[in-house]
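Topology and contacts: notes
Each chain is listed here by its residues.
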Amino acid sequence: MQEKKRGALALAKRTIDAFERANVEIIVTNAAGCGSNVKEYGHLLRDDPNYAGRAKAFASKCQDISEILTDLPPRATRNPLRLRVAFHDSCHLQHAQGVRSQPRQLLADIPGIELVEIPEAAICCGSAGIYNLVQPDAANALGDRKAQLIVALSAEVVATGNPGCLLQLQSSLARQAHPIPVVHTIQLVDASIRGKPL
């Protein structure tokens, strides 16, 4: 375990080094699991005298794509998408990063989208990083529960901000015989800007 931890910390340091060389003001993530991890670099490297301050500065620059896009005025026209969309809060986005309103705002700003809330939104879909790999039965039970709640909404598409949740929800909905498309939130923004359906 210590060897894995050392390896992870070494990769974190290399990431910090790379972004310092790039001299960027903001680091944008579009995967909630990755975003929650990089925002913790300051904590992870707090005891390293060569990286503690640098890691804290790095982490302070990291934002989810939904945070960035809701802070900026739209530069491209949003064309209508006539869709009933269920939004799934990934645990890494809502609990770890505290990002809840921004993805909803992005979707609400797309003309024609009817945004519906999934009941029990604070409960995990079962992906939980690698939980679906190490505890597949429990993960499937959580996923099936989430899928049943989604099916009851008559949604035409599900949006989420984390690839792990996306795959978990696709699998869970397929097991329920309701293969509703599951997409990243930004895929809907892109479809609206392009004026093309998914």
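Below: a short report on this structure. (Residues numbered from 1 in each chain as written. Predicted model: local features only at pLDDT ≥ 70, side-chain atom pairs only at ≥ 80, totals over all residues. Heavy atoms only, no water.)

**Thoughts on the overall build of the chain**
Counted only if it meets this: The helix and strand labels rest on DSSP assignments: H or I over at least four residues marks a helix, E over at least two residues marks a strand, and numbering proceeds from the N terminus. As defined in this context, the radius of gyration uses C-alpha atoms, and a globule is described by 2.2 Å times the residue total to the power 0.38. In this scheme, a residue with accessible area under 20% of its type's maximum is buried, one over 50% is exposed, and one in between is partly exposed, where area comes from a 1.4 Å probe on protein chains only. It only takes one pair of heavy atoms within 4.5 Å for two residues to be counted as in contact. Note that accessible areas follow from Shrake-Rupley with a 1.4 Å probe, and for residues the cover is restricted to the protein chains shown. Note on charges: Lys and Arg go in the positive column, Asp and Glu in the negative column, and His and the chain ends are not counted at all. Charged groups are reduced to one reference atom each: NZ for lysine, CZ for arginine, CG for aspartic acid, CD for glutamic acid.
Within the chain, the secondary structure is distributed over eleven helices and six strands. The C-alpha radius of gyration computed for the chain amounts to 18 Å, which stays within 12% of the reference 16 Å derived for 198 residues, consistent with globular compactness. Summarising its shape, the C-alpha atoms of the chain cover approximately 55 × 45 × 25 Å along the three principal directions. Out of the 198 residues belonging to the chain, those deemed buried represent 40%. Taking contacts inside the chain between residues at least 6 apart in sequence as the whole, the part at least 24 apart equals 74%. Just so you have it, the chain exposes about 10800 Å², and 54% of that area is on carbon and sulfur atoms. Positive and negative side-chain charges in the chain, numbering 22 and 19 respectively, have mean positions lying 3 Å apart.

**Some details on the sheet that holds strand β6 (residues 182-184)**
To be explicit about the condition: Paired strands, in this sense, are two strands between which DSSP finds at least two bridges. Axis lines are fitted to C-alpha atoms, over the contacting stretch for helices. Their N-to-C directions set the angle, which ranges from 0 to 180 degrees.
Strand order across the open sheet formed by four strands is β4-β3-β5-β6, with parallel pairing between neighbours. A single partner strand is all that each edge strand has here, and the edge strands are β4 (113-117) and β6. With direction set aside, neighbouring strand axes in the sheet form an average angle of 35°. Bridge count for strand β3 (residues 83-88) against β4 is five bridges, and the pairing is parallel. If you follow Arg84 over to β4, its bridge partner there is Glu114. With respect to the sheet, helix α10 (residues 163-175) is in contact with β3, β5 (157-160) and β6, its orientation differing from that of β6 by roughly 170°. Strands β3, β4, β5 and β6 of the sheet are contacted by helix α11 (residues 185-194), whose axis makes an angle of about 80° with β6.

**Observations concerning helix α1 (residues 2-22)**
The condition that has to hold: Helix span, as expected, comes to 1.5 Å for every residue beyond the first.
Given a rise of 1.5 Å per residue, 21 residues ought to cover 30 Å, and the 30 Å separating the end C-alpha atoms of α1 matches this to within 8%. After α1 finishes, the residue Asn23 shows a positive phi value of roughly 55°.

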